[in-house]
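# A closer look at the structure
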Amino acid sequence: MTESYTFTQKSQINVIFNQKKANDTATLPHYREERLKHQPLELIESKLSKLIGLEEVKKVVKEIYAWIYVNQRRGERNLKVPSQSLHMLFKGNPGTGKTTVARLLGELLCDMEILSKGHLIEAERADLVGEYIGQTAQKTRELVKKAKGGILFIDEAYSLARGGEKDFGKEAIDTLVKQMEDLREDFILILAGYSDEMEDFLSQNPGLPSRFPIIISFPNYSGSELLLIAHQMLDEQEYKLTSEAEKKLKRYLDIKSIEENESFSNGRFVRNLIEKMIRQQAVRLLREGRFDRESLLTVRACDLIIEENKEVGH
């Protein structure tokens, strides 16, 4: 027999028996309704959980969800809803997950009915800037038109401001700003690039910072995070490392993660490294003539060869 305790105003305790089933029945529909309402959040959190690191990025994504959801509930109750601008800036080195997170945000905002399609259009300077007068504005408008209903993601956006006064990059920026004003709904612009360059870009365009209320920084991965990414990639392709190969790879990734190299491409670097290891393993197996299951699965320390065919020391 189950018991339920309630406290009266005089601090007396009433004991009510056999109420568990009734209480559960009363709250279950509401619980299910709330779960259904938050399915978009659960879905994106499930996908984000598969990404190594990015803890602060994941928190900001949840903030965006909560902000939109609460504003939707305020609107239902005829309360004032502040203007929601969801244009964003992503700052960070290559291979830190910027494009992946942008794609997931498109899916989330489509599920929340903020965007009608949720697709992602990736672009760079060459996709926006033309060679002749008037060509740039047309190219930019056409690109925005393709992205309508989803997200236009422009990588290395600061390159638009690097050509000087006579360069058409400024025209592309002006056209984008106008399109942001004209398409207040069903379109999101994300500008991305290296942190320092993005800061310089914004300082040269005083009107831009206020148009991008959401700024997300993507930090470089630590050595241990890079190793986790490597394991994730190897698992997906059904390979495993020997203990010696594990130590060698860890040592190398630790070194690479602390080098002050702006061109370091983080996750992309690891992917290229793993692909090279797999190719080296294939050459070794061909030479050895060993094609049993265990040999095909196993990547050895000798398969890790780096710049200019120099091996990482043991």
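Residues numbered from 1 in each chain as written. Predicted model: local features only at pLDDT ≥ 70, side-chain atom pairs only at ≥ 80, totals over all residues. Heavy atoms only, no water.

- Under an unreviewed UniProt entry, the protein has the name AAA family ATPase and belongs to Terrilactibacillus tamarindi.
- In its Sequence similarities (unreviewed entry) section, the UniProt entry covering the protein states "Belongs to the CbxX/CfxQ family." (UniProt positions renumbered as here; feature names shortened; annotations may be inferred.)

### Section: the sheet that holds strand β4 (residues 120-123)
- Across the sheet, which stays open at both edges, the five strands sit in the order β4-β5-β6-β3-β7 with parallel pairing between neighbours. Here the strands that pair on one side only, and so sit at the sheet edges, are β4 and β7 (214-218). Geometrically, the sheet is characterised by an average inter-axis angle of 20° between neighbouring strands, direction not taken into account.
- Alignment of β4 against strand β5 (residues 151-155), held across four bridges, turns out to be parallel. Residue Ala123 lies in a different strand from β5, and its bridge partner there is Ile154. (Pairing = 2+ DSSP bridges. Helix = DSSP H or I, 4+ residues; strand = E, 2+ residues; numbered from the N terminus. Axes fitted to C-alpha atoms, helices over the stretch in contact; angles between N-to-C directions.)

### Description of the nonpolar core
- With 56 residues, the main nonpolar core has Phe90, Val101, Leu105, Leu249 and Leu273 as its most contacted residues.
- Considering every element that reaches this core, the biggest residue donor is helix α3 (residues 55-76), with seven residues.
- Taken domain by domain, this core gets at least three of its residues from each of domain 1 (40-72 + 83-218) and domain 2 (223-303).
- Apart from residues no more than four positions distant in its own chain, Val101 is found in contact with Leu48, Leu51, Leu54, Val57, Val61, Phe90 and Phe218.
- In terms of nonpolar packing, the next biggest core, distinct from the first, is built from 27 residues, Leu128, Ala147, Leu189 and Leu191 among them. (Core = buried A, V, L, I, M, F, W, Y, C linked by side-chain atoms within 4.5 Å. Buried < 20%, exposed > 50% of the residue type's maximum accessible area, 1.4 Å probe, protein only. Domains from an automatic or database assignment. Contact = heavy atoms within 4.5 Å.)

### Structural notes on the pattern of salt bridges
- Evaluated as defined, the whole model comprises 18 salt bridges.
- Residues Lys47 and Glu107 are paired through a salt bridge, measuring 2.7 Å at the closest nitrogen-oxygen approach. Separated by 60 residues along the polypeptide, Lys47 in helix α2 (residues 39-48) and Glu107 in helix α4 (residues 98-111) bring together distant segments of the chain.
- Judged by relative accessible area, Glu107 falls into the partly exposed class, the value being 31%.
- One salt bridge connects Lys240 with Glu294, and the closest N-O pair in it is separated by 2.5 Å. Highlighted residues: Lys240 in strand β8 (residues 240-241) and Glu294 in helix α12 (residues 293-297), separated in sequence by 54 residues.
- Classification of Glu294 by relative accessible area gives partly exposed; the value is 42%.
- When salt bridges that share partners are traced, they join Arg73, Glu76 and Arg77 into one network. (Salt bridge = Lys/Arg side-chain N within 4 Å of Asp/Glu carboxyl O.)

### Concerning empty space enclosed by the protein
- Tallied over the full model, the rule gives two cavities of 30 Å³ or more.
- There is about 50 Å³ of room inside the largest cavity.
- Looking at the lining of the largest cavity, the elements that each hand over two or more residues are α7 (169-182) and β6 (188-193).
- The element that contributes the greatest number of residues to the lining of the largest cavity is α7, accounting for four residues. (1 Å grid on protein atoms, 1.4 Å probe; cavity = no way out; pocket = protein on both sides within 12 Å on 5 of 7 lines; lining within 4 Å. Points joined across faces, edges and corners; volume = space filled by probe spheres on them.)

### Digging into the packing of aromatic side chains
- The tally for this structure, following the rule as stated, stands at six aromatic pairs.
- Between Tyr65 and Tyr69, the aromatic rings sit 5.8 Å apart at their centres with planes inclined by 20°, giving stacked as the arrangement. Remark: Tyr69 and Tyr65 occur in helix α3; sequence separation between them is four residues, near one turn of the helix. Like Tyr69, Tyr65 is buried.
- With a centroid separation of 5.0 Å and an interplanar angle of 50°, the aromatic rings of Phe90 and Phe218 are classed as tilted. Here the residue Phe90 occupies a position in strand β3 (residues 88-92), and Phe218 occupies one in strand β7, the gap between them amounting to 128 residues.
- Taken together, the ring pairs connect Phe90, Phe153 and Phe218 into an aromatic cluster. (Phe/Tyr/Trp six-rings, centres within 6.5 Å; stacked < 30°, edge-to-face > 60°.)

### Quick word on the environment of Lys47
- A relative accessible area of 31% places Lys47 in the partly exposed class.
- The spatial distance from the C-alpha of Lys47 to the C-alpha of Leu104 is 8.0 Å, given a sequence separation of 57 residues.
- Dropping the residues within four chain positions of it, Lys47 is found in contact with Leu104 and Glu107.

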